[in-house]
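Here is how the chains run, residue by residue.
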Amino acid sequence: MANTTNKTKVITGMNTRLSYFHGWEPVSINGGAEKYSVSVLIPKDDKETVNAINAAIDAAIEEGVTKFGGKKPNKEAIKLPLRDGDLERDDEAYKGHYFINANSNTAPQIVDRSVKPILDRSEVYSGCYARVSLNFYAFNSNGNKGIACGLGNIQKVKDGEPLGGRANAADDFATLDDDDFLA
């Protein structure tokens, strides 16, 4: 879903899934500064979201020309945030998806379908479906040039199969009889 007021902002579609979700507490990745982050899985058949992201990346390139030395770079010569899960990840959850790693120094607002804040942290997790607001911007640091993705806010849409090998306690354990508990 495109945002007409900000050409570098995108709100993802309803079938977007969260992976490596760190929206409640910031974490350090590879020894860097602590940030809130998530890998956003976008189904390849969600053409509206994919097209909106590509348009936002193009707009971020245009807005970032000064960071690229005053010249518009060739897209093949810079790092781009939209990546192909079939080619870059050996992970079943990424199959048939594009993905974007988004992060922020500030905590995202995390809301439910009615845009009410979600307070129970167990409600939002890697594997649930959510709409995510993403902001694309140019960077040029230490010889690396490209477009990065900032994490905005998150709206949980529905539950999904948890990712990351986390099992449900009901799947791990059987009910115990209390008969001999105090014996």
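Residues numbered from 1 in each chain as written. Predicted model: local features only at pLDDT ≥ 70, side-chain atom pairs only at ≥ 80, totals over all residues. Heavy atoms only, no water.

Student: What am I meant to see in the nonpolar core here?
Tutor: In a soluble, globular protein the nonpolar side chains are often hidden away together inside. By size, the foremost hydrophobic cluster in this structure holds 34 residues, and its most contacted members are L18, F136 and I147. Where this core is concerned, the elements lending two or more residues are β2 (17-28), β3 (34-43), α1 (47-63), β5 (97-104), β7 (129-141) and β8 (144-158). Residue contributions to this core peak at 7 residues, all from α1. Contact partners of L18, with chain neighbours within four places excluded, come to V38, S39, V124, Y125, S126, G127, C128, A130, V132, I154 and L163. Core analysis: the next-biggest nonpolar cluster, separate from the first, contains 5 residues, L41, Y94, F99 and L163 among them. (Core = buried A, V, L, I, M, F, W, Y, C linked by side-chain atoms within 4.5 Å. Buried < 20%, exposed > 50% of the residue type's maximum accessible area, 1.4 Å probe, protein only. Helix = DSSP H or I, 4+ residues; strand = E, 2+ residues; numbered from the N terminus. Contact = heavy atoms within 4.5 Å.)

Student: Any chance you could explain the packing of aromatic side chains here in plain terms?
Tutor: Evaluated as defined, the whole model comprises 2 aromatic pairs. Here the aromatic rings of F21 and W24 are separated by 6.4 Å at their centres, their planes lie at 85 degrees, and the arrangement is edge-to-face. When the ring of Y94 is compared with that of F99, the centres are 5.2 Å apart and the planes differ by 85 degrees; the resulting orientation is edge-to-face. When sorted by exposure, Y94 lands in the same class as F99, which is buried. Positioned above the aromatic ring of Y94 is the side chain of R89, whose terminal nitrogen or guanidinium carbon lies 5.7 Å from the ring centre. The lysine or arginine in question, K158, covers the ring of Y129, its NZ or CZ lying 4.8 Å from the ring centre. (Phe/Tyr/Trp six-rings, centres within 6.5 Å; stacked < 30°, edge-to-face > 60°. Lys NZ or Arg CZ within 6 Å of the ring centre and 35° of its normal.)

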